[in-house]
Each structure stands twice: as C-alpha cells, then as structure tokens.
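Remarks on the overall topology
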Protein chains: 6
Amino acid sequence: MSKLSHIDEAGAAHMVDVGSKADTERLAVAETTVLMQQETLTLIIAGDLPKGDVLAACRIAGVMAAKKTSDLIPLCHPLALTSVKIEINPISDCEIKIIARVKTRGQTGVEMEALTAASVAALTLYDMAKAVDKGMIIQNTRLILKEGGKSGRYEAEK
Amino acid sequence: MSKLSHIDEAGAAHMVDVGSKADTERLAVAETTVLMQQETLTLIIAGDLPKGDVLAACRIAGVMAAKKTSDLIPLCHPLALTSVKIEINPISDCEIKIIARVKTRGQTGVEMEALTAASVAALTLYDMAKAVDKGMIIQNTRLILKEGGKSGRYEAEK
Amino acid sequence: MSKLSHIDEAGAAHMVDVGSKADTERLAVAETTVLMQQETLTLIIAGDLPKGDVLAACRIAGVMAAKKTSDLIPLCHPLALTSVKIEINPISDCEIKIIARVKTRGQTGVEMEALTAASVAALTLYDMAKAVDKGMIIQNTRLILKEGGKSGRYEAEK
Amino acid sequence: MSKLSHIDEAGAAHMVDVGSKADTERLAVAETTVLMQQETLTLIIAGDLPKGDVLAACRIAGVMAAKKTSDLIPLCHPLALTSVKIEINPISDCEIKIIARVKTRGQTGVEMEALTAASVAALTLYDMAKAVDKGMIIQNTRLILKEGGKSGRYEAEK
Amino acid sequence: MSKLSHIDEAGAAHMVDVGSKADTERLAVAETTVLMQQETLTLIIAGDLPKGDVLAACRIAGVMAAKKTSDLIPLCHPLALTSVKIEINPISDCEIKIIARVKTRGQTGVEMEALTAASVAALTLYDMAKAVDKGMIIQNTRLILKEGGKSGRYEAEK
Amino acid sequence: MSKLSHIDEAGAAHMVDVGSKADTERLAVAETTVLMQQETLTLIIAGDLPKGDVLAACRIAGVMAAKKTSDLIPLCHPLALTSVKIEINPISDCEIKIIARVKTRGQTGVEMEALTAASVAALTLYDMAKAVDKGMIIQNTRLILKEGGKSGRYEAEK
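These numbers come from a predicted model, not from an experiment. Along each chain, the written sequence defines residue order, and numbers are assigned to residues from 1. Following the order in which they are written, the chains are lettered starting with A and the ligands numbered starting with 1. With the structure being a predicted model, the display of local features is reserved for residues of pLDDT at least 70 and the display and counting of side-chain atom pairs for 80 or more, all residues being used for whole-chain, interface and lining totals. Only hydrogens and water are set aside; all other atoms, that is, all heavy atoms of the structure, feed into the side-chain values.

Counting secondary structure elements, chain A contains three helices and five strands. Structurally, chain A occupies a C-alpha span of about 50 × 30 × 30 Å along its principal axes. Relative accessible area decides the class of each residue, using a 1.4 Å probe on protein chains only: under 20% of the type maximum gives buried, over 50% gives exposed, and in between gives partly exposed. Classification of the 158 residues of chain A by burial places 64% in the buried group. Contacts between residues were defined by any pair of non-hydrogen atoms, one from each residue, lying within 4.5 Å. Considering only residue pairs separated by 6 or more positions, chain A has 67% of its internal contacts joining residues 24 or more positions apart. Accessible area of chain A: about 5,400 Å², with a carbon and sulfur share of 51%. In this tally, Asp and Glu contribute negative charge and Lys and Arg positive charge; neither His nor the terminal groups of the chain are included. Taken as the charge centre is NZ of Lys, CZ of Arg, CG of Asp or CD of Glu, depending on the residue. A distance of 4 Å separates the average location of the 19 positive side-chain charges in chain A from that of its 20 negative side-chain charges. Here a helix means four or more residues in a row that DSSP labels H or I, a strand means two or more in a row labelled E, and each is numbered from the N terminus. Under the convention used here, a 1.4 Å probe and the Shrake-Rupley method define accessible areas, while residue burial counts only the protein chains that appear.

The following block contains the structure:
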C-alpha cells in the first residue's frame with residue numbers, strides 16, 4: 001500500500017474502503033483569507049447593508065458546496081453532514097477571513113468538506129467583487145482543526 | 001446600481017443581465033500553489049509513477065469543476081466551455097503550482113471557471129496527500145490573465 | 001438564537017446542527033393541486049394511454065427531485081431517503097392532485113423532500129401540457145402530515 | 001403528433017426537436033405567493049435584519065434553481081440563461097409574493113425556468129420558517145408573462 | 001499531439017479546444033441491447049400496461065442522462081442539446097433493443113450523449129427488473145450513426 | 001404487488017420502501033468489456049505512459065459515476081458508499097475488461113452502483129479513443145457478484 005491512501009500498490013486511484021471504521025462524531029474547521037484593495041472591502045461591507053446579500057451569498061455558497069464535496073473531489077466518500085457553519089469577517093482593512101466548520105457522524109472525516117466550503121465561499125466573494133477588483137487573492141486555505149476518528153485530534157500551528 | 005455588479009440598487013443579489021453583450025472569444029488563466037512538506041512532494045511525484053493517478057486525478061477534478069462552476073458560484077452564468085487545460089508542476093521542493101486555462105465563446109468571461117478549476121485541483125491534491133500531511137496550505141489563488149469582452153485584457157502584476 | 005432555526009443570533013444563515021438528535025423513522029406527506037382547463041385535463045388523461053408517459057414523467061420527476069432536495073434548498077440536510085411515492089389523480093374535471101409521501105430513518109424530518117417532490121411533479125405536469133394551456137396554476141402546495149422526531153406528529157387542518 | 005408536445009404519436013416521452021427554431025430573445029416571468037401566519041411574517045422580516053440571510057437565501061436558491069431546471073424537469077431543454085432576478089415582497093400581513101424573471105437568447109422559452117425559480121424560492125422560505133409555522137401554503141404558482149419565440153407574447157389574466 | 005485527442009503530447013488529459021470549429025447541426029444515434037430471460041421480458045411488457053411506468057422510466061432516464069453527459073464523462077464538452085429521443089422495443093423473446101437519437105447545433109458531436117443515453121436507459125431497465133433476473137446482460141452498446149462536423153458522416157457496419 | 005419491485009399494483013413507479021430492512025455490509029462486482037481495433041488498444045496503452053491519464057480518467061470517471069448512481073437511475077435509493085474500486089486490464093489484443101467493485105453498509109444493495117461505475121468507465125474509454133476508432137463496442141455489461149442483504153449471495157455463471 002502506498003502511503004497516499006487513495007492510491008493502491010499499483011498506482012491506481014480508488015475510493016479507499018472505510019467499511020471497517022467505526023461511526024464517530026467528527027468535526028473539521030478550515031479557513032481561508034481573501035486579500036483585496038481597501039476600497040473593495042469598503043464596498044463589500046457597504047453592499048452588505050441593509051439587505052446583506054453579498055456575504056449571505058458567500059455563506060450560502062459555502063454551505064451548499066460542503067454538501068457537494070464528494071461530487072467535486074473524485075475519491076472523497078459521500079457523507080451525510082449534520083452541521084455546516086460559515087463565518088466571514090474582515091480582519092484588517094484589506095482582508096476578509098472565512099472560517100468553515102463542518103460536522104458529521106460517520107466513518108470518515110470532514111476535512112475536505114470544510115476546505116471546500118471555505119474555498120467556494122472565497123470564490124463567491126471574488127465573483128461578487130470582481131467587477132471592481134480582479135486582483136483579489138485567496139490566501140492560506142488550510143485545515144485548522146480536526147476531531148474524531150482513529151487518527152484523533154489535529155490542530156494547525158498558529 | 002451598486003458597483004458590485006451582482007447586487008442591485010436595493011442590495012439584492014441577482015444574476016446580472018448579459019443579454020445585450022456580444023459573443024466574443026474569451027480566455028482566463030488562474031493559478032494557485034500548494035505548499036507542503038518536502039517528503040509529501042516526493043511521495044506525490046513517486047506516487048505519480050508509473051500509473052500517474054495522483055496528478056491525473058487533480059487534472060481531471062479541475063476540468064470537471066470548471067464545468068460545474070455555475071452550479072457552485074450562485075450568481076455565475078452557465079457557459080458552454082470550449083477548452084479547459086490544467087497544468088501541475090513542482091516549482092520548488094515543497095511547492096506544486098497549478099495553472100488552469102479556460103476558454104469559451106460567449107457573453108461573459110471565464111474568470112470564475114479558471115479560478116474554480118485551479119481551486120478544486122488544489123483541493124484534490126490536498127485530498128490525495130492528507131493522510132501524510134494535513135498541514136498543506138493552498139496559497140495565492142488568483143487570476144493571472146483575462147482576454148475578451150468589453151473590459152478587455154487583464155494581466156496580474158508579477 | 002432566533003426562532004428561525006436556520007438563522008443564528010447574528011442573522012447569519014447556517015445548516016443547523018442536528019448531530020445530537022436521535023435517528024428515528026420519519027414520514028412526511030405533502031400535496032399540491034394543478035388547476036387547468038377541462039380540455040387540458042382530457043388531453044393529459046388521453047395522452048397517458050396507452051403508454052402512460054405523461055403521468056409517469058411527473059411521478060419520476062417527483063421521485064428524482066426528492067433525492068435532490070438538499071441540493072436545491074440551501075440549508076437542508078442531506079438524507080438517505082428510504083421511500084418516495086407520488087400519487088397523481090384528477091379530483092375534478094379541471095384539477096389534478098399530486099400527493100408525495102417520503103420516508104427516512106434519520107436525524108431530521110423529510111418535510112422539504114415531500115414538498116419538493118410534489119412541487120417538481122406539478123412543474124413537470126405544467127411542462128407536459130404548457131403547449132396547450134399556459135394558464136395552468138399550481139395551488140395549495142402544503143404539508144399535510146409529518147411523523148417522527150422530537151416535535152412529533154403534525155397534521156394539517158382540512 | 002399529440003397536442004402535448006413532449007409526447008409522440010405512440011405516447012412516448014421525448015425531448016422535442018427545437019433545432020429548426022430561430023434563436024430569439026426570450027423572457028418569462030412567474031409568480032407565487034406564500035401564505036403564513038402573521039407572526040411568521042413578522043419573524044421573517046425581523047430575521048432579515050440586519051444581515052438579511054432569510055430572504056437572501058430565498059433569492060439565491062431561486063437563482064440557482066433556475067440554472068438547474070433542465071436537470072429537474074425531465075424533458076426540458078438545457079439553456080444558457082442570460083439573466084435571473086427574484087423579487088420577494090410582503091403583500092399583506094400574512095402573504096409574501098415571489099416574482100421570478102428569467103431571460104435567455106435561444107431556441108426555446110424560459111417559462112419552466114421562471115416557474116422553477118419561483119417555486120424553489122418559495123420552498124426555501126418554507127424551510128426557513130417551518131420551525132415556527134408548518135402550515136404555510138404556497139399559492140397561485142403561475143406564469144404571468146412570456147415574450148419571444150414563434151408563439152409570441154403571453155400575458156396571464158389578472 | 002497524441003492521436004488520442006484528449007491527451008496532449010505530455011500524456012496529460014485536457015478538454016480539447018474546439019473554439020475554432022464551426023457550429024453545425026449534429027446528430028448521433030447509439031444502440032444497446034438488454035438480454036434477459038423470456039419470463040423477465042414478459043413481466044416487463046406486462047408491467048408496462050396499463051400505466052407504462054417501466055419503459056417510461058427507461059426513456060426518461062435516458063433523456064435525463066443525455067443532458068448529464070458532460071458531468072459524467074470527464075473531458076466531454078458541455079452542449080445545449082436540441083433533441084433527445086429514446087426508442088425501446090423487444091427484438092426477440094429475450095432481448096430488448098434501446099436506440100438513442102440525439103441532436104445539437106454546436107462545435108462538437110453528440111456521440112457520447114447518445115451512447116450515455118442508451119447506456120443509462122439500459123441500466124434503468126436492469127434496475128426495474130433486477131428483483132426477478134439478476135443475470136440480465138447489456139450487449140453491443142455502440143454508435144450506429146453520426147452526422148455533422150468536419151469528420152463527416154459515420155455509419156456502423158451492420 | 002407486481003414482481004417488478006419498483007412498480008406498484010397499479011403500474012406506477014415508486015422508490016420502494018426499504019425502511020424495514022436491516023443495515024448489512026453489501027458488496028457488488030460488475031464487469032464490462034470494450035472491444036476495439038488492435039491499433040486502438042496499442043494507442044491506449046501507449047497513451048497511458050508515462051503520465052497515465054487515459055486509464056486514470058476511466059478509473060476516476062467510474063468512481064465518480066458510482067457516487068452519482070441515485071441521480072441517474074430514477075428509482076435507485078441514495079447510499080453512502082464505503083468503497084469503490086475500478087480495475088482496467090487488456091484481456092486480448094483488442095479487448096479491455098473493466099471490473100467495478102463497490103461496497104456499502106446499508107439497507108439496499110449496490111448492484112446498480114457497480115454496473116453504473118463499469119458502464120461510465122467504459123463510456124469514458126470510448127470517449128478517449130473515439131477520434132481513432134468510432135467502431136468500439138461495449139460488451140457484456142453484467143453483474144458478476146453480489147453479497148449481503150436478505151436475498152443473499154449471487155454469483156453469475158461463467
């Protein structure tokens with residue numbers, strides 16, 4: 001067996017067998033940051049008031065993407081998610097941080113679901129503001145916390 | 001009209017009307033970089049031989065994601081893509097760069113398709129190697145080139 | 001916490017955490033009625049013989065839509081449905097009633113699945129007959145029965 | 001040929017051939033009304049402030065559903081929509097009206113896309129508020145305007 | 001360039017560029033045959049009367065699959081189909097033949113759409129009857145006719 | 001009840017109720033063979049080196065299709081697959097055999113998932129090589145093994 005779990009000894013991709021794993025509660029938290037011009041951030045925050053559709057669109061796109069993860073990532077197992085939450089907040093005058101928190105009770109973890117939710121929320125933010133700032137950059141997309149399953153707790157370094 | 005094109009004067013999200021735009025040839029190129037441990041990169045390159053399913057899975061996931069963009073990004077117009085190409089190459093002993101190049105002939109650009117393709121290829125790379133390196137980071141996802149349409153050519157700064 | 005369960009105290013949409021809910025057998029029944037001209041109803045019934053593709057298309061579209069509910073309704077949890085049944089019957093010379101009955105064993109109810117199945121079956125009926133009657137109206141789409149889960153049995157007033 | 005255009009002379013369902021139709025600008029507008037208790041409407045309006053995710057979720061679900069119409073309605077042609085706009089407004093102290101406006105340039109009309117968008121926006125509204133009011137009813141889902149194509153303009157009676 | 005058009009000179013898969021191809025009318029016809037026990041065929045024909053949902057389900061599944069082809073076949077271009085027709089007929093006392101006929105006006109052919117429609121209709125037939133005959137075999141899935149495009153007319157040998 | 005399990009006594013299609021079935025481990029194995037010209041097989045094998053995207057694309061398309069089965073086959077229950085493996089090997093100088101092996105723990109079997117995975121992998125192989133050989137034929141798509149569930153083990157005759 002290769003150390004890359006989705007690849008067998010012959011180098012072929014497969015969806016690895018998780019049938020013998022126990023169902024456990026699982027949580028994953030991923031984050032990403034969208035870097036933009038200061039004027040863009042001002043517009044996004046302004047455009048979010050009073051109706052709020054700018055950040056609402058990002059949150060909803062993130063939740064819906066979490067549910068589509070196994071359709072996007074070829075070797076990902078389908079999972080019945082029990083919770084998805086997306087938080088979006090400015091962290092400086094030119095950066096918006098997106099945090100995605102996903103839970104399930106199942107045989108595999110939800111790292112990919114959390115990373116996919118954060119990424120698609122960030123892409124949606126790009127889409128909402130690209131008419132004014134094509135130079136936005138999506139930065140530091142990464143897993144920050146994982147709980148549950150045999151491999152146990154993982155927490156990213158600060 | 002808000003300067004955020006998907007948001008109307010009342011703050012509500014909508015799919016903006018492109019019916020009066022001309023059909024033109026459009027190209028967009030996006031890139032992203034996956035930062036990982038040196039041992040992980042070695043395993044990926046090794047795991048890619050002789051059958052190649054590791055990077056093949058990333059390329060194929062990227063192409064398929066480009067086609068799903070309007071299903072992922074809420075206000076994105078559906079487009080009949082005429083070409084999608086994903087290039088994946090190591091650029092240092094701990095970084096793999098992914099470049100997605102998308103074309104269409106239509107009424108709106110394909111920036112979101114290129115960014116989505118690059119992002120999903122990167123997420124797939126994370127998925128392939130997460131058993132050995134949960135700390136991988138997806139960096140600098142951004143548009144590097146756009147051609148066609150009324151707003152003309154855009155090229156990112158180096 | 002807002003009384004609207006998908007909205008948190010800050011007004012943000014999320015997929016509410018059902019991880020602590022018990023798996024129970026759940027049933028939901030929804031109905032809708034399509035109002036049309038008498039001639040249209042006659043054509044639909046006639047067109048349904050001998051091959052039956054008109055109402056078969058509606059039943060099948062309803063079943064398939066039930067399975068897509070979590071992809072359509074942004075904050076709906078994905079569920080592994082155990083049964084979907086669509087009944088379609090004329091109830092007057094210008095009305096066809098559609099009843100959708102959905103079951104699962106899981107942590108959340110299947111009201112949305114039943115309502116979505118009934119709605120899409122009705123939309124399909126509109127699509128089948130719109131060449132002859134664009135004025136058809138879909139009426140009284142509503143939940144009529146719900147069983148299972150902590151909130152218990154719900155039955156609509158007659 | 002049956003008068004039901006999706007059914008051939010033998011009664012079999014097919015996707016009718018539109019290859020010889022001209023590409024023309026097409027518009028369809030559909031509406032639906034969600035009837036609820038007065039307290040529910042008050043909560044929805046309140047829940048929509050300050051972040052607005054309640055009605056934003058409905059608008060976004062409606063736009064995304066318009067893009068999925070050919071995946072939901074079995075015999076519907078796939079179309080590249082050029083515009084989708086959802087308006088949601090209270091029209092009494094217990095009714096919220098949803099209007100969906102869809103455009104394309106193509107060989108078939110967008111009635112089904114407008115009706116699907118309005119229906120899914122209404123179902124999403126039900127989902128957002130069902131914890132407080134399971135008795136909400138979706139009423140009068142219908143086409144109100146259609147322009148373009150050989151069959152010309154259609155406007156519903158008031 | 002490799003002779004396999006989806007593979008570039010380096011062996012990497014991509015969605016080949018069809019942007020310079022002309023839009024032409026395109027037709028493809030594919031067929032497949034499902035071999036079963038005589039009793040199974042009798043049940044299917046009987047089960048198709050009077051409501052017809054058995055073969056209607058196969059026809060509808062075939063039409064819907066044609067529309068999903070670019071989502072299933074990784075390097076297939078998305079296309080706006082203008083016509084899909086599925087014919088299903090017994091050709092002996094233990095064989096049912098399925099013919100799928102697909103048209104578009106576009107830059108690439110619809111061979112994959114016709115083959116996918118025929119295959120999914122056959123799989124649906126298997127699903128409908130598998131409770132009584134798990135030994136059914138899907139035979140001779142192949143392209144029988146292709147028209148339009150630069151490579152011109154193709155007709156399979158009898 | 002009809003002997004065709006998806007059809008009720010009135011001939012109507014429904015998704016049969018499996019709610020009372022026990023969750024058991026389930027396995028299904030399906031196979032298919034793609035018949036082609038000798039030169040085509042040589043090209044495919046050559047094109048698979050050194051990067052391997054030809055057969056990798058088929059394997060990945062097969063795995064992804066297994067996950068989409070309930071979206072393709074109208075009356076199929078959605079299932080959380082625990083393992084999918086596709087093997088692709090030449091078995092003569094003009095035939096490539098594809099074997100799909102699917103597992104789950106659930107209330108219904110995975111025959112349709114295995115057959116769908118094998119079929120879509122074969123269709124993808126056709127797509128990869130159709131530029132050089134439109135006459136390829138997909139042969140003998142069938143279930144070869146099924147384990148688990150009340151109906152017990154099934155093994156196809158050689």
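There is more to say after this.
The subject of this paragraph is the UniProt feature "active site" (unreviewed entry) in chain A. UniProt positions are given in the numbering used here, feature names are shortened, and annotations may be inferred rather than shown by experiment. UniProt feature "active site" (unreviewed entry): in the numbering of this structure it lies at D127 of chain A. By the element assignment, D127 of chain A lies in helix 3 (residues 111-129). Looking at D127 of chain A, the relative accessible area reads 2%, which means it is buried. Look past the residues within four positions of D127 of chain A in its chain and what remains in contact with it is H6, I73, L75, C76 and M112 of chain B.

Below, the discussion takes up the interface of chain D and chain C. Between chain D and chain C, the residue contacts involve 53 residues of the former and 53 residues of the latter. Buried area: the accessible area, evaluated with a 1.4 Å probe, that two parts lose upon being put together, summed over both parts. Between chain D and chain C, roughly 4,500 Å² of surface is buried when both sides are summed, and carbon and sulfur atoms account for 68% of that area. We define a salt bridge as a contact between a side-chain nitrogen of Lys or Arg and a carboxyl oxygen of Asp or Glu at a distance within 4 Å. One can count two salt bridges joining chain D with chain C. Where K68 of chain D meets D71 of chain C, a salt bridge forms, and the shortest distance between an N and an O atom there is 3.5 Å. Polar contact is the term for a pair of N or O atoms within 3.5 Å; when the atoms are in protein, one must be able to donate a hydrogen and the other to accept it, and sequence-neighboring residues count only if both atoms are side-chain atoms. Run the count over chain D and chain C and you get ten residue pairs in polar contact (both at pLDDT 80 or more).

Moving on: the side chain of T69 of chain E. Residues and elements named next belong to chain E. In this fold, T69 is placed in helix 2 (residues 53-72). With a relative accessible area of 1%, T69 lands in the buried category. A polar atom in the side chain of T69 sits 2.8 Å from the backbone oxygen of A66. Ignoring sequence-local partners within four residues, the contact set of T69 consists of C76, M112, E113 and T116.

We now examine the relation of the copies chain D and chain C. If you rotate chain D by 180° and push it 0.0 Å along the axis, it lands on chain C with an RMSD of 0.0 Å. The transformation just described matches what one would write down for a two-fold rotation axis. The position closest to the rotation axis in chain D is occupied by the C-alpha of Q139 of chain D, lying 2.5 Å away. Here 100% of the interface residues in chain D have copies in chain C that are interface residues too; the copies meet face to matching face. Each copy is superposed on the other by least squares, with the fit set by C-alpha atoms of residues at a pLDDT of at least 70 in both.

Mapped onto the fold, H14 of chain F is located in the segment before strand 1 (24-35). Residue class for H14 of chain F comes out buried when judged on its relative accessible area of 9%. Setting aside chain neighbours within four positions, we find H14 of chain F in contact with V84 and K85 of chain C together with S5, H6, I7, D8 and L75 of chain F.

Moving on to the arrangement of the chains. Over all C-alpha pairs, chain B and chain C never come within contact, reaching a minimum spacing of 10 Å. A gap remains between chain A and chain E, which never touch, and the nearest two C-alpha atoms on either side lie 10 Å apart.

As a further point, take helix 2 of chain E. A residue's bend is simply the angle between two axes: one fitted to the seven residues ending at it, one to the seven starting at it. Approximately 45° is the largest bend angle found in helix 2 of chain E, and it occurs at A66 of chain E. Of all 20 residues in helix 2 of chain E, 19 are buried, a share of seventy percent or more.

With 19 residues, helix 3 (residues 111-129) of chain E should cover 27 Å at 1.5 Å per step; its first-to-last C-alpha distance of 28 Å lies within 8% of that length. Within helix 3 of chain E, 19 of the 19 residues are buried, leaving the element largely enclosed by the surrounding structure. In this scheme, a helix's expected span is set at 1.5 Å multiplied by one less than its residue total.

The subject of this paragraph is the environment of A66 of chain D. Residue and element names in this part refer to chain D. Counting through the fold element by element, A66 comes out in helix 2 (residues 53-72). Overall, the relative accessible area of 3% leaves A66 in the buried class. Separated by 49 residues in sequence, A66 and D17 have C-alpha atoms that sit 22 Å apart. Those residues within four positions of A66 in sequence are excluded, and the remaining contacts are L81, V84, E113 and A117.

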